[in-house]
Amino acid sequence: PWTLFKAASSSPAALLATVRGRLDRRAGTDKMASDEEAALSSLADLAQTAVDEGPTEKFNVLLARLKDLGVAKGKKGRAVIFSERVDTLEWLKEQFLATGRKEDEIVVFHNGRGEQERQERVKEFGLADSKVRLFITGDMASEGVNLHKECHVLFHWDLPWSLIRIAQRNGR
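Criteria and thresholds
- In every chain, residue numbers begin from 1 and rise along the written sequence.
- Where local features are concerned, this predicted model is filtered to residues with pLDDT of at least 70; where side-chain atom pairs are given and counted, the filter is 80 or more; whole-chain, interface and lining totals use all residues.
- Water and hydrogen atoms play no part in the side-chain values, which are based on all heavy atoms of the structure.
- Helix numbering and strand numbering both begin at the N terminus, where a helix is a DSSP run of H or I of at least 4 residues and a strand a DSSP run of E of at least 2.
- Expected span of a helix, by definition, is 1.5 Å for each gap between consecutive residues, and there is one gap fewer than residues.
- Here's how the labels work: a residue is buried when its accessible area is under 20% of the maximum for its type, exposed when over 50%, partly exposed in between, all with a 1.4 Å probe on protein chains only.
- Residues are treated as being in contact if the distance between any of their heavy atoms lies within 4.5 Å.
- The definition of a polar contact used here is a pair of N or O atoms within 3.5 Å, where within protein one atom must be able to donate a hydrogen and the other to accept one, and adjacent residues in sequence count solely through side-chain atom pairs.
- Simply put, an axis is a line fit to the C-alpha atoms, just over the touching stretch for a helix, and the angle between two N-to-C directions goes from 0 to 180 degrees.
- In a left-handed crossing the near helix is turned counterclockwise from the far helix by less than a right angle, and in a right-handed crossing that turn is clockwise.
- Two strands are said to pair when DSSP picks up at least two bridges between them.
- The aromatic pairing rule takes the rings of Phe, Tyr and Trp, using the six-membered ring of Trp, and pairs them if the centres are within 6.5 Å, calling planes under 30 degrees apart stacked, those over 60 edge-to-face and the rest tilted.
- Over a ring means this: the NZ of a Lys or the CZ of an Arg is within 6 Å of the ring centre and within 35 degrees of the ring normal.

Chemist: Now, about helix α2 (residues 12-26): what can you tell me, with residues and values included?
Modeler: The terminal C-alpha atoms of α2, which comprises 15 residues, lie 21 Å apart, in line with the 21 Å expected from a rise of 1.5 Å per residue. P12, A13, A14, L15, L16, T18, V19, G21 and L23 are the residues of α2 that are buried. Structurally, α2 contributes buried residues whose contacts are with α1 (2-10), α3 (34-53) and α5 (86-98).

Spelled out as structure tokens, the structure:
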């Protein structure tokens with residue numbers, strides 16, 4: 001239940017991936033009761049509907065805060081946005097693209113990227129003349145990655161269970 005709660009708190013895409021993953025892992029086994037499977041299937045349908053509907057109110061609030069802080073479309077401000085779920089990182093990127101942001105303004109940073117690409121993205125974000133305005137990342141950027149050179153705005157999209165992680169993120 002906590003995994004589903006955390007996924008739902010993160011994004012509709014994270015919830016959908018979590019539910020589908022659970023259904024896939026247990027398909028054809030006797031580990032899942034039929035009522036649990038029906039409930040998860042129903043939850044997957046609801047999550048898919050939420051994904052299809054587009055931005056959530058939480059995302060709209062983020063957009064408003066970014067605008068207030070000068071990190072709006074056409075402005076020079078930059079922001080780092082932390083989330084624990086890769087599905088949420090990709091979902092956030094899609095939501096920003098739907099608002100008119102350009103692909104070259106957004107970096108999605110996670111372990112699924114190669115080491116060289118990750119290093120290039122961090123370097124690019126730190127350049128004064130870079131087009132990148134949004135650095136959307138998981139906790140892998142919370143230690144040993146310096147993102148503060150050209151950026152002083154940080155958002156915790158979803159909060160980790162550990163207060164240490166928040167401190168590590170803030171140090172970036």
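Chemist: Tell me what's going on with the environment of R101, and back it up with residues and numbers.
Modeler: Relative to the assigned elements, R101 resides in the loop between α5 and β2 (106-109). Sequence separation of R101 and A50 is 51 residues, and the distance between their C-alpha atoms is 21 Å. A distance of 2.8 Å separates a polar side-chain atom of R101 from the backbone oxygen of V71.

Chemist: Give a detailed account of the packing of helix α4 (residues 57-68) against α5, specifying residues and quantitative values.
Modeler: In the contact formed by α4 and α5, the axes pass within 12 Å of each other and the chain directions differ by 65°. When the axes of α4 and α5 are compared, the crossing they make is right-handed. In this structure, α4 contributes F59, L62, L63 and L66 to the contact, and α5 contributes W91, L92, Q95 and F96.

Chemist: Tell me about the sheet that holds strand β1 (residues 79-82), and name the residues and values.
Modeler: Sheet architecture is open: four strands sit in the order β2-β3-β1-β4, paired in parallel fashion. Across the chains shown, the open sheet's two edge strands, defined by having one partner strand only, are β2 and β4 (154-156). Averaged over all neighbouring strand pairs, the angle between strand axes comes to 15°, with direction disregarded. Bridge count between β1 and strand β3 (residues 134-137): four bridges; the pairing is parallel. If you follow F82 over to β3, its bridge partner there is T137.

Chemist: Quick rundown of the packing of aromatic side chains? Include the residues and the values.
Modeler: Enumeration according to the criterion identifies six aromatic pairs in this entry. Here the aromatic rings of F109 and F135 are separated by 5.1 Å at their centres, their planes lie at 40°, and the arrangement is tilted. Taken together, the residues F109 in strand β2 and F135 in strand β3 connect sequence positions 26 residues apart. By relative accessible area, F109 is classed as buried at 3%. The class of F135 is buried, set by a relative accessible area of 0%. Over the ring of W157 we find K58; its NZ or CZ atom is 4.4 Å from the centre of that ring. In this structure, R78 is placed above the aromatic ring of F125, and the distance from its NZ or CZ to the ring centre is 5.7 Å.

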